[in-house]
Amino acid sequence: MTKSDQATTAPDIPLPPINKVGLALLHKGKLLLARSRGDSVFQIPGGKVDPEDASDLAALVREIDEELGVALIESSAVFLGLFSAPAAGKKNRMVNVKLYRAEVTGTPTPCSEIEELRWVDPFASEEVTMSEVVRAQILPFLCETETE
């Protein structure tokens, strides 16, 4: 490698993490996952906290309404934990998901950027292609806690 090659080759410097809130919506033993338009990976419904959001829970209420077209029942929300893994499709980037479990009113349907919803069995993770944080962190946690 020449000196000019070294100067133009950017080092693999990690970028700041992507911070999100997510909903573990369970129904009859199945977990709801969402796939965005043009993406092949299923993820937990939710999204980023915007500056105008009063709290993480307020952001989750907004995101669930936007993505699933349902109302999250705030009084049913329980914080489950913070889960981190490499971000799907992002080189040198981690994603941190503050995961909540809550009930919703209405039937989830794909809205906004969401193209497809899928109810999956947490114990049969090979059903669909999932983000790393869902496959390696969230599903094992839910499998452990749902069987206790």
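Shown above is the structure to which this text applies.
Okay, so let's go over this structure. (Residues numbered from 1 in each chain as written. Predicted model: local features only at pLDDT ≥ 70, side-chain atom pairs only at ≥ 80, totals over all residues. Heavy atoms only, no water.)

## Let's talk about the overall build of the protein
Next up, step 1: Scanning the protein for helices and strands turns up three helices and 10 strands.
Next up, step 2: Written out in order from the N terminus, the α and β elements of the protein read α-β-β-β-β-β-α-β-β-β-β-β-α.
Next up, step 3: Across the 148 residues in the protein, those meeting the buried criterion constitute 37%.
Next up, step 4: Restricting the contact set of the protein to residue pairs at least 6 apart, pairs at least 24 apart contribute 65%. (Helix = DSSP H or I, 4+ residues; strand = E, 2+ residues; numbered from the N terminus. Buried < 20%, exposed > 50% of the residue type's maximum accessible area, 1.4 Å probe, protein only. Contact = heavy atoms within 4.5 Å.)

## A closer look at the layout of surface pockets
Next up, step 1: Here the largest pocket is characterised by a volume of approximately 500 Å³.
Next up, step 2: Looking at the largest pocket, it is lined by 31 residues, and the ones nearest its centre are K20, S36, D39, Q43 and G46.
Next up, step 3: Secondary-structure elements contributing two or more residues to the lining of the largest pocket are β1 (18-24), β3 (30-36), β5 (46-48), α2 (56-68), β8 (94-101) and α3 (132-146).
Next up, step 4: Ranked by residue count, the leading element in the lining of the largest pocket is β1, at four residues.
Next up, step 5: Considered class by class, the residues forming the lining of the largest pocket number 14 nonpolar, seven polar and 10 charged. (1 Å grid on protein atoms, 1.4 Å probe; cavity = no way out; pocket = protein on both sides within 12 Å on 5 of 7 lines; lining within 4 Å. Points joined across faces, edges and corners; volume = space filled by probe spheres on them. Nonpolar A, V, L, I, M, F, W, Y, C, P; charged D, E, K, R; others polar.)

## Some points on the packing of aromatic side chains
Next up, step 1: Applying the stated criterion across every chain yields a total of two aromatic pairs.
Next up, step 2: With centroids separated by 5.3 Å and ring planes inclined at 65°, the aromatic side chains of F79 and Y100 adopt a geometry described as edge-to-face. Remark: Y100 occurs in strand β8 and F79 occurs in strand β7 (residues 78-86); sequence separation between them is 21 residues.
Next up, step 3: Overall, Y100 belongs to the buried group, its relative accessible area being 12%. (Phe/Tyr/Trp six-rings, centres within 6.5 Å; stacked < 30°, edge-to-face > 60°.)

## Comments concerning α2
Next up, step 1: Between its first and last C-alpha, α2 extends 18 Å over 13 residues, near the 18 Å set by a 1.5 Å rise per residue.
Next up, step 2: Positive backbone phi, at 70°, marks G69, one or two positions downstream of α2. (Expected span 1.5 Å × (residues − 1).)

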